[in-house]
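Descriptive analysis of the structure
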Amino acid sequence: MNRVAPVSRTPAVWLSAALLVFVSSFACADAPAPAARPGHAAIASANFHATEAGLEVLAKGGNAFDAAIAVASTLSVVEPESSGIGGGFMAVLHRADGREVFLDARETAPAAVDPKDYLDKNGEPNRDTALNGPLSAGIPGEPAGLAWLAAHYGKLPLSASLAPAIRIARDGFELDGRLADAIAGREQDIRRWPASVAKYLPDGKVPTKGQHWRDPDQARTLELLGAHGFDGFYRGEVAGKLVDAVHAAGGNWTAKDLAGYQVKERAPIVVDYRGYRVVTAPPSSSGGVALAEILNILSGYDLGKLDEAHRTHLVIEAMRRAFRDHNDYLGDPDFVKMPLDMLLSPYYAAGLRQTILPDKATPSSMLPVSTGTDPGMHTTHFSVIDKDGNIASITLTVNYTMGSTFVAAGTGVLLNDEMDDFALVPNKPNVYGLLGSVANAPAPGKRMLSSMTPSIVFGADRVGVIGSPGGSTIITQVLEGVLAFIDGKDAAGIVGQKRYHHQYMPDRVDVEPGAFDPATADALTRMGHTLKERSPWGYMNVVTWDLKTNRLDAASDPRRESGLGKVQ
Ligand code: DON
């Protein structure tokens, strides 16, 4: 019989178990290539302009990675509330020859980062400097990441893959309702910065859905990036304008911070779950570690034999335990030592499984307490498979809706507010209710921990490319996507499925309305779970590949008005 045991916060017990049998879930970067090539391509993204831009670049002879550059740069223009060249991204790439790599184009803290800037005069967290204006912005990683993709993985020059975004920025497009709503929601913050007003409040007014929208400054910045690669953004004219604008508004970036930015290639985390190979994000994301931990815990159960309430209960308990570790251990791997062998070990998961009762919730109050706030859904994920079987799974962000709301004058670049993803004040929750320890404390040049979990799932017969925005809920939404894929759902079924989330603290299950029928909700409540309805969820963009028939399938989240999944 299972019993509830207090879950130790110290790694010692697990570490000794892990040392006895050393198991590493880090794969070597080379994996077997699927035997087939699809012969055609598919892209799913949160905006139809971006999906079409990717398909345009494929038609010009580009591969999945060139298409990814086109999609990402177009999203920077048409969906700036979610991601952009003032932000960063994380990518899991699978090349048709089997090489797999994780590309970490996450933002970094500037050298002059000062934790005191994120405290008010009473020593309490200053949510304003963490979330608004230039102090909230990390050194962007996306432009460097796009240049890296072109140089190392693409077939076309960077300028060719950026061409659709530059054209759309210059000629204009019709603004969608979601961007109009995002600007309206952040109007008061946007009004604090003159260049942001000029860009997002033309004539001083919040724009409306359908309004024709042009972005000539960003077109020029993208053009310089295309012409000069890394140097076009991180040195010279654009870099000078970024540093000047940030300084004029009280920030502390230097030319050296920009010129010194580095993309990192890392080995992805690979976890085997029920015969499927899940390739996902390592630190500086917490997503893959948490996903692997949850899947390892769940692998000990025959979920298919359980009713929905008991199955869901076990998934929630696995989420709860993975998020506890997220808070305690994880940070930038270039700065902190993490017990990854322990966290990723099946033996560690087996130990955690022993602490789960089959029909009773474990109170999270055994461990540190925090309160969470509801995240918005303002990050973006897209998925690409090309005709040769190259695959890109990429999640991009400026963090909170419209990032810092700060546009650097003359560049069209909206800066992120990713500094809030650091544990700026230890054990005080960030905007997603996530706690952090010293492992995720800010330091010069350090990457702030992310939840982004771009993933690729390989089965004997099918491949799924899955990811989502959603702050801390990214991890659980991707988990549910992976489980749905393994259960045989198609792309539309995966993105359309209702979602739920538990992140250890606060001790509650966030539930999308309609996720559980009344009997299941009642059974979960009787087991001791507190259910709380929450919106919004999503927006997931999924591509699947049936290896037997070579059929590709692409679907964009139905919760999103402008998304498009398309097979070409
Ligand atoms: O990197 C992260 O984990 C966050 N900056 C992601 C933010 C996000 O997903 C916002 N909304 N959905």
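Residues numbered from 1 in each chain as written. Predicted model: local features only at pLDDT ≥ 70, side-chain atom pairs only at ≥ 80, totals over all residues. Heavy atoms only, no water.

A separate point is the site of the ligand. Taken together, 16 residues form the shell around the ligand, and within it T379, E418, D421, S451 and G471 come nearest. A distance of 2.9 Å separates an oxygen atom of the ligand from a polar side-chain atom of R106. Within the side chain of T379, one N or O atom sits 2.8 Å away from an oxygen atom of the ligand. About the coverage of the ligand: the protein hides 99% of its 330 Å² of free accessible area. Each of domain 1 (13-28 + 270-376 + 452-550) and domain 2 (42-262 + 378-439) gives at least three residues to the shell around the ligand. (Near = heavy atom within 4 Å. Polar contact = N/O pair within 3.5 Å; in protein donor to acceptor, adjacent residues only side chain to side chain. Areas by Shrake-Rupley, 256 points an atom, 1.4 Å probe, with all protein chains shown as cover. Domains from an automatic or database assignment.)

Here we take up the domain arrangement of the chain. Assigned domains within the chain: domain 1 (13-28 + 270-376 + 452-550) and domain 2 (42-262 + 378-439). Domain 1 puts 45 residues into the contact, and the matching count from domain 2 is 40 residues. Summing the contributions of domain 1 and of domain 2, the shared interface buries around 3,200 Å²; its carbon and sulfur component is 67%. If you look at where domain 1 meets domain 2, you find 1 salt bridge. Of the charged contacts in the structure, one is a salt bridge between E100 and R277, with a shortest N-O distance of 2.7 Å. For the pair domain 1 and domain 2, the interface holds 8 residue pairs in polar contact (both at pLDDT 80 or more). When contributions to the side of domain 1 that touches domain 2 are tallied by element, the ones reaching two or more residues are β8 (276-280), α15 (308-329), β13 (455-458), β14 (462-466) and β18 (541-546). The dominant element in the side of domain 1 that touches domain 2, judged by the number of residues it contributes, is α15, at 5 residues. Split into classes, the residues belonging to the side of domain 1 that touches domain 2 amount to 23 nonpolar, 19 polar and 3 charged. (Contact = heavy atoms within 4.5 Å. Buried area = accessible area lost by both parts, 1.4 Å probe. Salt bridge = Lys/Arg side-chain N within 4 Å of Asp/Glu carboxyl O. Helix = DSSP H or I, 4+ residues; strand = E, 2+ residues; numbered from the N terminus. Nonpolar A, V, L, I, M, F, W, Y, C, P; charged D, E, K, R; others polar.)

A few words on the packing of aromatic side chains. Taken as a whole, this structure holds 8 aromatic pairs when the rule is applied. A ring pair is formed by F65 and Y153, whose centres lie 5.8 Å apart and whose planes are at 65°; its orientation type is edge-to-face. In this pair, F65 is assigned in helix α3 (residues 64-78) and Y153 in the loop between α5 (142-152) and α6 (158-171), connecting sequence segments 88 residues apart. We classify F65 as buried; its relative accessible area is 0%. Grouping aromatic residues by their ring pairs yields a cluster made of F230, F233, Y234 and Y261. Over the aromatic face of W537 sits the side chain of R534, whose NZ or CZ is 4.3 Å from the ring centroid. (Phe/Tyr/Trp six-rings, centres within 6.5 Å; stacked < 30°, edge-to-face > 60°. Buried < 20%, exposed > 50% of the residue type's maximum accessible area, 1.4 Å probe, protein only. Lys NZ or Arg CZ within 6 Å of the ring centre and 35° of its normal.)

Moving on, we come to the side chain of S562. Looking at where S562 falls in the secondary structure, it is placed in the loop between β19 (552-556) and β20 (564-567). Dropping the residues within four chain positions of it, S562 is found in contact with A46, N47, F48 and D176.

Between M505 and the following residue, P506, the backbone shows a cis peptide bond with an omega angle of -5°. In this structure, P506 sits in the loop between β15 (500-501) and β16 (509-511). You will see that T405, though not glycine, has its phi angle at about 65°, which is positive. By the secondary structure assignment, T405 is in the loop between β10 (391-397) and β11 (407-408). Given the relative accessible area of 1%, T405 is considered buried. Phi at Y504 takes a positive value of approximately 75°, unusual for a residue other than glycine. In this fold, Y504 is placed in the loop between β15 and β16.

Attention now goes to the side chain of T379. Secondary-structure assignment places T379 in the loop between α17 (346-353) and β9 (380-385). At 2.6 Å, the side chain of T379 and the side chain of T397 are in polar contact. When near neighbours in sequence (up to four residues on either side) are disregarded, T379 contacts S82, T395, L396, T397, N399, M452 and P469.

Bringing the pattern of salt bridges into the picture now. In total, this model carries 46 salt bridges according to the counting rule given. Of the charged contacts, one joins R106 and E107 as a salt bridge, the two residues approaching to 3.9 Å between their closest N and O atoms. The class of R106 is buried, set by a relative accessible area of 0%. Note that K264 is salt-bridged to D334, the shortest N-O span being 2.9 Å. On the criterion of sequence distance, the pair formed by K264 in strand β6 (residues 264-266) and D334 in the loop between α15 and α16 (340-343) is long-range, its members being 70 residues apart. By relative accessible area, D334 is classed as partly exposed at 40%. By sharing partners, the salt bridges in this structure join E79, E81, D176, R178 and R560 into a single network.

What follows covers the environment of G467. The topology assignment puts G467 in the loop between β14 and α18 (473-486). In this structure G467 comes out as buried when scored by relative accessible area, which is 0%. When the C-alpha positions of G467 and P282 are compared, they lie 14 Å apart, and in sequence the two are 185 residues distant. For G467, the residues in contact, after removing those within four places along its chain, are H381, T453, V478, M540 and N541.

For the rest of this paragraph, the subject is the nonpolar core. Where a protein is soluble and globular, its nonpolar side chains tend to be buried together. In terms of nonpolar packing, the biggest core is built from 85 residues, with L295, L298, L330, L343, I391, I466 and L479 touching the most fellow members. If one sorts the elements of this core by residue count, α18 sits on top with 9 residues. Shared between two domains, this core holds at least three residues of each, these being domain 1 (13-28 + 270-376 + 452-550) and domain 2 (42-262 + 378-439). Leave out the neighbours within four places in its chain, and I391 touches A64, F65, V92, L93, H94, V384, I385, I456, F458, V463, V465 and W545. One finds L179, A180, Y234 and V407 within the second-largest nonpolar core, a separate group that totals 75 residues. (Core = buried A, V, L, I, M, F, W, Y, C linked by side-chain atoms within 4.5 Å.)

Here we take up the environment of S83. With respect to the secondary-structure elements, S83 resides in the loop between α3 and β2 (88-94). Among the residues examined, S83 registers a relative accessible area of 1% and is labelled buried. Sequence separation between S83 and P426 is 343 residues; the distance between their C-alpha atoms is 27 Å. Ignoring anything within four residues of it in the chain, the contact list for S83 reads L75, S76, T380, L396, T397 and V398.

Turning our eyes to something else, we now look at helix α10 (residues 216-228). Between its first and last C-alpha atoms α10 spans 18 Å; for 13 residues at 1.5 Å apiece the expected length is 18 Å, and the two agree. Where α10 is concerned, the buried positions are Q218, A219, T221, L222, L224, L225 and G226. G229 sits one or two positions beyond α10 and adopts a positive phi of about 65°. (Expected span 1.5 Å × (residues − 1).)

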